[in-house]
Structure formats: structure tokens, C-alpha cells
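Overview (structure and organization)
Okay, here's what each chain looks like letter by letter:
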Amino acid sequence: MSNKKKRILIVGGVAGGASAAARARRLSEDAEITLFERGKYISFANCGLPYHISGAIPNRKKLLVQTPDAMRKRFRIDVRTRNEVISVNREKKEVIVRDHEGKKDYSEPYDALILSPGAEPNRPPLPGVDSKHVVTVRSMHDMDAIIKVMKDNKPDRAVVVGGGYIGLEITEALCERGVKVTLVELAPQIMVTADLEMTAPVKQELSLHGVDLRLNTSITAINEDEEGSSVVLSTGDTVRCGLIVLCIGVKPEIKLAYEAGIEIGKRGGIVVDEHMRTSDPDIYAVGDAVEVTDLVGGFQTLIPLAGPANRQGRIAADNIFGHGSTYKKTQGTAICKVFDLTIGMTGMNEKGLIRTGTPYEKIYIHPANHATYYPGASPISIKLLFNPESGVILGSQAVGHSGIDKRIDVLATAIRAGMTVYDLEHLELTYAPPYGSAKDPVNYAGFVAANVLRGEARICQYEDVANPGDDQFLVDVRTTAEIEAGNIPGAHNIPVDELRGRLGELPKNKEILVICQVGLRSYLAYRILTQHGFRCQYFSGGYKTYLAFTDSLL
Ligand code: FAD
């Protein structure tokens, strides 16, 4: 196809749309590129909205990554804000646009059309949901509305509904502004993209910062009176507050595509091929509005994240100009700051592996983020999920105060490259005491997992130590002082350094389940015991993992 005077229309001017527009211009000086955005702003930092609310980004303008003027000047793109594309006529290859400023509708023809309309926040049909104190968070306008309520009404308390990453970021932001927050989550855990036990430290962090967390709870109604609002919870409680922020997920904006007869998938997103082309070969779709293939599981899913939207926008533009780029699936790499804690994840979680019947093995480790003798070291907890035969890495989650981004990014790269736990053993990663350890936590995860697969160690999990069989015997090899601070009921204590001299205390006819604090001393004990003829397993992640499970179930 010739590049000459190709008319490219783009619907949506933020992550996917703006990326597509800029890439299209870089590929062709001749193309006529028009970007329609129904809102007032293009290319704003959705991801930065909570941080302006909190005050961490004091200058509102910093959120406007690109302005229409700058986009016109640098990329010669015809940017039309407050212009909403209201329909697509595929036969005529034109769109109908509503100019909200000029108050008129007009048509524009296209050779290629890119849809990047994003996803809209869910709003449950509850009594009172349209009250003026109820907001969602998607746009600059939403952010301004929240800040206005805070300034005008100075609410003492806010209710944030939904404990996903946006709900958590908004909770933190409001707390930073001195507002008390009740965080309501329907699921038994916050951050449902992680596994339950990995969220225990996040729960603690919220409690440390005074957040009133209500799990297994939904809101059933919102009432308004002169004094403000009150939210009725499924538990029967009522919470008085001056602000209610709904963060209960998003759904793809598919109206335009659906009405144009473009194929919509089972998950409710626009169906695209690997070139980001929809069922109409001249129409592309990208970003939160499209269904993607899960890199690890191979199933169709919705993963609304900025990185995929940006890359897909670029790929759609490439393909309009015949570059043949392909989008290589989404793995859901994500990270979230919750006060002083960070939780990150990539690939599939354990819940997903169970749901899809995918065989897996898992290990937990709790190393320090960097050399412990260098000031400021803090523990990080990593869960690694991998194929029990091949060792191919299926997913990972990490939580801690520092160094989470680095480990999850390395593991995300490893998953993308199809690497195994054996490969993790050999990764040569940066090391100096302020940054890491000579055996980085990622190497260490590889050692532990590979030991299991090579049969050098047998591990057991929380369920085993919480409910040992009659033919099993729990031994805790921590020090007496550690045991006094908390232990697993029924475990016999022999500190690891005394183990060789006290083997007689252990039953030969039972399988020994060895426990320590994080799984390091218990592995050593395991090696001692097996060489003395005991049948043995050690508890992966140790008492720290046990506490993560029990705390998360509280
Ligand atoms: P959007 O960026 O939402 O852009 C779609 C645009 O299309 C909208 O501006 C909309 O007004 C416009 N539009 C829709 N229909 C029409 C129409 N018919 N005509 C004209 N214009 C139209 N992701 C991360 O990876 N990391 C983060 O930290 C992160 N933080 C986030 C924090 C918040 C508060 C929010 C809301 C999102 C966050 N995200 C984050 C998600 C990320 O912002 C989205 O995945 C990404 O913006 C999706 O890009 P998109 O182009 O598909 O949609």
C-alpha cells in the first residue's frame, strides 16, 4: 500500500491513541493523521492521577505529557479534542464525529481507522450511586472533581470501593491528604491479581496507616443528607463519609465497534489479530478496549495496562504502513505502591493456574533486597510458580519495601524469553552491597526451585504444615527465642545447630516436615536428616510464609 496521502483516523487520544499517532507520523510524513479525543486533554498521565491527588506530583500540568499544540507542532497531527466519534460507517469508510464545542456533527473519511477508546470504570446500579459525592477515577476531570470535594467539603472520611491497584493508590492518596479511609473489597483479599497470601503484608501496611479495610464486603446503598453521605455495607454497617470513590474495575468501551458490526469477544473486548487488526481489515483496535492472549496461559483475556496499550498503538501504526509488526501477547506485569510497600507480579498467579488446570510447582523465598550488612536492607518475599517437569517459569509475585520492581522486571523478562528456573540460577545480575547480593534473590529463587526439580530437596507447603498427616512429624529448627515469638502448633523444636546431636528425638517411622523462619535453615536440616536416613520435606518459605497465610485469612 502506498504511504501517499493515506488518511488515518484515531479514536482516543491517550495511551494507545497518542502512541499510534506519533508512530504513524514517524513512519510517514505524507499521511493525514487526525486524532479525535472526546475529552479536553490528550496524552495525560492516567497513571499519575492518584499522585496529584496525594500531592506527590504538586504541579497538575506535569500530568499533561503532551498537549494538542505540541502534538500539532512536533508531529503535524490534526488533534481534535472535545470531538467524539459517534459512529463508524464501514461501507463508506467514514466516521461521524460530534464536535462538543461547535455543537455539530460531521463526517470524516478514512483509509485506516485505529480505535483506542479505553475502558470505562464500572458503576454498579446501586441506590444512590449517582449522588454528587460518588466519583470514579479515569480522567483529569475525575481527578479535579475529587480534589474539589476535598477542598470544598473537607471530608474526614472517604469510602474507597475496590482494593485493586487503583483503589489502593487512591486510598494512599487520600490518607496522604489527611482523610481517613474505609476500603471496601468484595473479595477475601485486596489486589486480586496476586495470590491471597502475598497480599498479607499489604494488608498490614494498610492497617499501619490507619486504613479501615473491609474484606468480603460490598456496598449495598449510598444515602445522602445535609451532612454528607453514608454508605451501607453488606455487613449491615453504615459508614458516614464525604467522598465515595468507586474503583471496582473497568469494562472495555466497545459501543462504537459493536454498533459498527466489528467482532466482540467472549470477554467483552474487541477481537483483534496479532497485527491489532479487527474483523474489518481497515480498522485496528488497541489498548484497554481489546482482548489479548495471555502469554503464559494462552487464553483470551482483558488486561488493562498502559504498557500493552502503548506497544499496541505502535504496532497498529506499523501495520498500516505494511511493517508487519506483531503483538506478542500480554503477561500482566504490574506493580503497585502502597504507602512504604510495593507489590508486583508477572505471568500467571496460582489461582489462575488452578482454574485452568495447569500443572505447577511453587516456592517461596524471603531474602533481603541487598546485602544485609549494608545499611537499610529490608526483606522481600518472592513467590515463584513454574512447570514441575520442564521448570519453565509461569509466574511470580513479590512484595517488600525496596527492590521489587527490579526482581519482577527480571522475572518478567525471563517469562517472556521462555526461561526455566535452571536459567535463573545462571543469570548474572548487578551486584554491589547497596543494590543486591552476590546471589541475587532472583538467582536464589532459581537455586531453590531447581533443587526441587532436580530432586535434591522435597518441599511441602502451608496446607501440609497446617494439617500434617498422622504419619508426619513437624520439626521446627529455629532457636528457642524465635519459637517463643510464635510457632506452628504441634511442632517439636530442635535448633538446627543441635540437630546432629538430637536425632534420637525424631521418629524413624514418620515423615519429618522441617520448618524454620524462611526456608534456609530447614533446607540445611533437610540435607542433614535425609543423609541420616529420615524421610523428609522442608516447608518452603518457612514460618514467614505460614504467617502470610494465617494473617491473610484473618
Ligand atoms: P485511555 O488511556 O483510557 O484512552 C482512551 C481515550 O479515548 C479516553 O481519553 C477517552 O476519552 C477517549 N475516547 C473514548 N471513546 C471515544 C470516542 N468515541 N471518541 C473520541 N474519544 C474517545 N496502567 C499501568 O500500566 N500502570 C499504572 O500505574 C496505571 N495506573 C493507572 C491509574 C489510574 C487512576 C488509571 C485510571 C489507569 C491506570 N493505568 C495504569 C491503566 C492505563 O492508564 C490504561 O491501561 C491505559 O491508559 C489504556 O490506554 P487506552 O489508550 O486503551 O485508553
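The model shown is predicted, which means the values in this text are computed figures rather than measured ones. (Residues numbered from 1 in each chain as written. Predicted model: local features only at pLDDT ≥ 70, side-chain atom pairs only at ≥ 80, totals over all residues. Heavy atoms only, no water.)

What about the sheet that holds strand E15 (residues 238-241)?
Read across the sheet, three strands follow the order E13-E14-E15 without closing on themselves; strand pairing throughout is antiparallel. The sheet terminates laterally at strand E13 (219-225) and E15, the two strands that pair on one side only. Taking each pair of neighbouring strands and ignoring which way they run, the sheet shows an average axis angle of 20 degrees. Looking at chain direction, E13 and strand E14 (residues 228-233) are connected through six bridges and run antiparallel. Counterpart to Ala 221 in the pairing with E14 is Val 232. (Pairing = 2+ DSSP bridges. Helix = DSSP H or I, 4+ residues; strand = E, 2+ residues; numbered from the N terminus. Axes fitted to C-alpha atoms, helices over the stretch in contact; angles between N-to-C directions.)

What to know about empty space enclosed by the protein
This model, assessed by the stated rule, comprises two cavities of 30 Å³ or more. Within this model, the largest cavity holds a volume of roughly 50 Å³. As for the largest cavity, its lining consists of Gly 287, Asp 288, Val 290, Val 292, Leu 302, Ile 303, Pro 304, Leu 305, Pro 308, Ala 309 and Gln 312. Reported here for the second largest cavity is a volume of approximately 40 Å³. For the second largest cavity, the full set of lining residues is Tyr 364, Ile 365, Tyr 444, Val 448, Val 518, Gly 519, Tyr 538, Ser 540 and Gly 541. Put simply, the parts of the chain that give the lining of the second largest cavity at least two residues each are strand E23 (361-365) and helix H12 (441-453). Each residue belonging to the lining of the second largest cavity can be placed in one class, and the counts come to six nonpolar, three polar and no charged. (1 Å grid on protein atoms, 1.4 Å probe; cavity = no way out; pocket = protein on both sides within 12 Å on 5 of 7 lines; lining within 4 Å. Points joined across faces, edges and corners; volume = space filled by probe spheres on them. Nonpolar A, V, L, I, M, F, W, Y, C, P; charged D, E, K, R; others polar.)

What to know about the pattern of salt bridges
The final tally for this structure, using the stated rule, is 33 salt bridges. Here Arg 240 makes a salt bridge to Asp 225, at a shortest N to O gap of 2.9 Å. With a gap of 15 residues between them, Arg 240 in strand E15 and Asp 225 in strand E13 connect regions that are remote in the sequence. Arg 240 gets classed as partly exposed once you look at its relative accessible area, which sits at 41%. Residue classification places Asp 225 among the partly exposed residues on the basis of a relative accessible area of 35%. For the salt bridge of Arg 454 with Glu 425, the shortest nitrogen-to-oxygen distance reads 2.7 Å. Remark: Glu 425 occurs in helix H11 (residues 421-426) and Arg 454 occurs in the loop between H12 and strand E26 (459-460); sequence separation between them is 29 residues. (Salt bridge = Lys/Arg side-chain N within 4 Å of Asp/Glu carboxyl O. Buried < 20%, exposed > 50% of the residue type's maximum accessible area, 1.4 Å probe, protein only.)

Remarks on the environment of Ala 445
As for its position among the elements, Ala 445 is in helix H12. Not counting residues up to four positions away in its chain, the partners in contact with Ala 445 are Ile 363, Ile 365 and Leu 384. (Contact = heavy atoms within 4.5 Å.)

Topic: the side chain of Asp 280
With respect to the secondary-structure elements, Asp 280 resides in the loop between helix H7 (255-259) and strand E18 (283-285). On the basis of relative accessibility, which here comes to 8%, the residue Asp 280 falls in the buried class. Within the local environment of Asp 280, its side chain forms a polar contact with the backbone nitrogen of Asp 282, the two atoms lying 2.8 Å apart. (Polar contact = N/O pair within 3.5 Å; in protein donor to acceptor, adjacent residues only side chain to side chain.)

Here's the deal with the nonpolar core
In this structure, Leu 115, Leu 174 and Val 245 are the most contacted members of the largest nonpolar core, which totals 106 residues. Considering every element that reaches this core, the biggest residue donor is helix H4 (residues 140-153), with six residues. If we ignore the near neighbours within four places in the chain, the residues touching Leu 115 are Val 11, Leu 256, Ala 257, Ile 262, Ile 270, Ile 283, Tyr 284, Ala 285 and Val 286. Core analysis: the second largest hydrophobic core is formed by 43 residues, Ile 365, Val 477, Ile 494 and Leu 499 among them. (Core = buried A, V, L, I, M, F, W, Y, C linked by side-chain atoms within 4.5 Å.)

Let's talk about a nonpolar patch on the surface
A cluster of nonpolar side chains, Tyr 373, Tyr 374 and Tyr 431, forms an exposed patch at the surface whose accessible area comes to about 350 Å². Relative to the elements of secondary structure, Tyr 431 occurs in the loop between H11 and H12. Overall, Tyr 431 belongs to the partly exposed group, its relative accessible area being 38%. (Patch = residues over 30% accessible without salt bridge, like charges linked within 9 Å, V, L, I, M, F, W, Y side chains within 5 Å. Areas by Shrake-Rupley, 256 points an atom, 1.4 Å probe, with all protein chains shown as cover.)

Structural notes on the sheet that holds E18
The parallel open sheet is built from five strands, whose spatial order is E3-E2-E1-E7-E18. Looking at which strands have only one partner, the edges of the open sheet turn out to be strand E3 (78-81) and E18. Averaged over all adjacent pairs, the angle separating strand axes in this sheet is 15 degrees, with direction ignored. Sheet topology places strand E7 (residues 112-115) next to E18; three bridges connect them, and they run parallel. In the strand pairing of E18, Ile 114 is matched with Tyr 284. Along the sheet, helix H8 (residues 306-320) contacts strand E1 (7-11), E7 and E18; its crossing angle with E7, the most-contacted strand, is approximately 170 degrees.

Things to note about the site of the ligand
Taken together, the neighbourhood of the ligand is formed by 28 residues, with Gly 16, Glu 37, Ser 116, Asp 288 and Ala 306 sitting nearest. Ala 15 has a polar backbone atom sitting 3.5 Å from an oxygen atom of the ligand. Within the side chain of Asp 288, an N or O atom sits 2.8 Å from an oxygen atom of the ligand. Out of a free accessible area of 990 Å², the ligand has 90% covered by protein chains. (Near = heavy atom within 4 Å.)

A closer look at unusual backbone geometry
Note on backbone geometry: most residues besides glycine have negative phi, and most peptide bonds are trans. The backbone of Lys 154 sits at a positive phi, close to 40 degrees, despite the residue not being glycine. Note that Lys 154 resides in the loop between H4 and strand E10 (157-161). Residues other than glycine seldom take positive phi values, yet Met 276 does so here, at roughly 70 degrees. Among the structural elements, Met 276 can be located in the loop between H7 and E18.

Observations concerning the packing of helix H6 (residues 200-208) against helix H16 (residues 542-553)
Where H6 meets H16, the closest approach of the two axes is 8 Å, and the angle between their N-to-C directions is 55 degrees. The pairing of H6 with H16 is recorded here as oblique in orientation. In this structure, H6 meets H16 at a crossing whose hand is left-handed. Here Ala 200, Lys 203 and Gln 204 of H6 lie close against H16, whose contacting residues are Ala 548, Asp 551 and Ser 552. Its residues assigned to classes, the contact of H6 with H16 comprises two nonpolar, two polar and two charged. (Parallel < 35°, antiparallel > 145°, perpendicular 65-115°, else oblique. Left-handed = near helix turned anticlockwise from the far one by under 90°.)

Remarks on the layout of surface pockets
Of the volumes computed, that of the second largest pocket is approximately 380 Å³. Ala 200, Pro 201, Gln 204, Ser 381 and Lys 544 are the residues nearest the centre of the second largest pocket, which is lined by 21 residues in total. Every element with two or more residues in the lining of the second largest pocket is listed here: H6, strand E24 (380-386), strand E25 (393-400) and H16. Among the residues making up the lining of the second largest pocket, the classes are represented as 10 nonpolar, seven polar and four charged.

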